[in-house]
Amino acid sequence: MKFIFSLLLLISFNSAFAQSAETILKDASVKAKAENKKIIVLFHASWCGWCKKMDLSMNDPVCKKYFDDNFIAVHLTVDESEGKKHLETPGADAVKKKYKGEKAGLPFWLILDSDQKLLADSYMRKPGVSKDEAGENIGCPASDKEVAAFIAILRQTTKLNAEELDIIAERFKKNKS
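Only a predicted model underlies this, so the values are computations on that prediction, with no experimental measurement involved.

## Topic: the packing of aromatic side chains
The description of an aromatic ring pair rests on the distance of the ring centres and on the angle between the ring planes.
Part 1 of the argument: Throughout the structure, instances matching the rule amount to seven aromatic pairs.
Part 2 of the argument: Each ring, one from F67 and one from F150, has its centre 6.3 Å from the other, and the planes form 20°; the classification is stacked. Residue F67 is found in helix α4 (residues 64-70), and its partner F150 is found in helix α6 (residues 144-157); the two are separated by 83 residues along the sequence.
Part 3 of the argument: You can call F67 buried: its relative accessible area is 3%.
Part 4 of the argument: For the ring pair W109 and F150, a centre distance of 5.4 Å and an interplane angle of 70° mean the geometry is edge-to-face. With W109 in strand β3 (residues 108-112) and F150 in helix α6, the pair connects residues that are 41 residues apart, well separated along the chain.
Part 5 of the argument: On the accessibility criterion, W109 (0% relative accessible area) is buried.

## Structural notes on the sheet that holds β3
Part 1 of the argument: With respect to topology, four strands assemble into an open sheet ordered β2-β1-β3-β4, the strand pairing being mixed. The open sheet has two edge strands with one neighbour each: β2 (71-77) and β4 (118-121). Strand-to-strand twist in this sheet, taken as the mean axis angle between neighbours without regard to direction, amounts to 20°.
Part 2 of the argument: Bridging between strand β1 (residues 38-44) and β2 involves seven bridges; their strand directions are parallel.

## Digging into helix α7 (residues 162-173)
Part 1 of the argument: A rise of 1.5 Å per residue sets the reference length of α7, with its twelve residues, at 16 Å; its end C-alpha atoms lie 16 Å apart and thus fit the reference within 8%.
Part 2 of the argument: By the burial criterion, the buried members of α7 are L165, I168, A169, R171 and F172. Within α7, the buried residues cover an arc of 165° as seen down the axis, which keeps them to one side. Facing away from the buried side of α7, by more than 90 degrees, are the exposed residues A162, E163 and D166.
Part 3 of the argument: For α7, the capping residue at the N-terminal end is N161, with a side-chain oxygen 3.0 Å from the backbone nitrogen of E163.

## Description of the confidence of the model for the protein chain
Part 1 of the argument: Put simply, the protein chain has an average pLDDT of 91, and 90% of its residues get 70 or more.
Part 2 of the argument: Note that residues 5-9 has pLDDT below 50 and, in this model, zero contacts with residues that lie over four places away or in other chains.

## Considering the pattern of salt bridges
Where charged atoms from two side chains of opposite charge approach closely, those side chains can pair.
Part 1 of the argument: Overall, the coordinates contain eleven salt bridges when judged by the stated rule.
Part 2 of the argument: Across the salt bridge formed by R171 and D60, the nearest N and O atoms sit 2.7 Å from each other. Placement of R171 in helix α7 and of D60 in the loop between α3 (49-58) and α4 is noted, with a sequence separation of 111 residues between them. Neither residue differs from the other here; R171 and D60 are each classed as buried.
Part 3 of the argument: K173 is the partner of E170 in a salt bridge, and the nearest nitrogen-oxygen pair spans 3.6 Å. Taken together, the residues span about one helical turn, with E170 and K173 both in helix α7 at a distance of three residues.

## Quick look at the side chain of K37
Part 1 of the argument: In this fold, K37 is placed in the loop between α2 (21-35) and β1.
Part 2 of the argument: We classify K37 as buried; its relative accessible area is 17%.
Part 3 of the argument: Polar contacts involving the side chain of K37 include one to the side chain of E35, which spans 2.9 Å.
Part 4 of the argument: Not counting chain neighbours up to four residues away, the residues in contact with K37 comprise A32, D68, D69, N70, F71, I72 and S114.

## Topic: the packing of α6 against α7
Any two packed helices are characterised by how steeply their axes cross, that is the angle between the axes, and by the distance between the axes.
Part 1 of the argument: Orientation of α6 relative to α7, taken along the N-to-C sense of each, is 150°, at an axis distance of 10 Å. If you check the angle between α6 and α7, you find them roughly antiparallel. The chirality of how α6 crosses α7 is right-handed. Residues D144, V147, F150, I151, L154 and R155 of α6 touch α7, and the partners they reach there are L165, I168, A169, F172 and K173.
Part 2 of the argument: In terms of residue class, the contact of α6 with α7 is made up of eight nonpolar, no polar and three charged.

Cut-offs and rules
- Residues numbered from 1 in each chain as written.
- Predicted model: local features only at pLDDT ≥ 70, side-chain atom pairs only at ≥ 80, totals over all residues.
- Heavy atoms only, no water.
- Phe/Tyr/Trp six-rings, centres within 6.5 Å; stacked < 30°, edge-to-face > 60°.
- Helix = DSSP H or I, 4+ residues; strand = E, 2+ residues; numbered from the N terminus.
- Buried < 20%, exposed > 50% of the residue type's maximum accessible area, 1.4 Å probe, protein only.
- Pairing = 2+ DSSP bridges.
- Axes fitted to C-alpha atoms, helices over the stretch in contact; angles between N-to-C directions.
- Expected span 1.5 Å × (residues − 1).
- Arc of directions from axis to C-beta.
- Polar contact = N/O pair within 3.5 Å; in protein donor to acceptor, adjacent residues only side chain to side chain.
- pLDDT = per-residue confidence, 0-100.
- Contact = heavy atoms within 4.5 Å.
- Salt bridge = Lys/Arg side-chain N within 4 Å of Asp/Glu carboxyl O.
- Parallel < 35°, antiparallel > 145°, perpendicular 65-115°, else oblique.
- Left-handed = near helix turned anticlockwise from the far one by under 90°.
- Nonpolar A, V, L, I, M, F, W, Y, C, P; charged D, E, K, R; others polar.

Printed below as a string of structure tokens:
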């Protein structure tokens with residue numbers, strides 16, 4: 001019985017990750033258009049502690065509604081260790097590379113409009129540097145500098161007000177510890 005349960009769990013787990021990045025993004029676009037939202041694409045891996053902190057922060061009850069009201073969140077699994085390559089989202093590496101994230105580390109994230117046009121990414125860039133060039137990856141914002149950059153991006157890409165952005169900032173600053 002344990003064997004059958006384990007086998008069914010493994011099959012269903014693998015099925016959840018078998019969907020391609022292209023399909024995931026297409027489905028997110030349809031939903032984003034219907035709900036008048038942006039798409040936040042989170043590149044992550046099962047071993048990545050900062051990826052888990054990003055998810056915990058976004059899903060914290062103090063700010064979850066703000067993310068849910070503004071974004072369709074999708075996860076693309078990349079950079080898994082040798083024994084867990086089967087967890088990777090097919091085509092996710094190509095998407096990460098398309099947006100100059102192949103050397104960014106994890107988490108790496110994008111904010112896209114409903115037509116998948118890049119609005120922002122997790123790079124901090126010096127003033128005047130184009131989005132076509134990589135910068136310093138914020139990853140999961142924690143330091144004051146990272147949180148400030150993240151909040152600036154949210155200010156530009158959402159209709160969140162100052163009070164809501166302050167709540168998000170305070171939550172993400174807790175990632176320092």
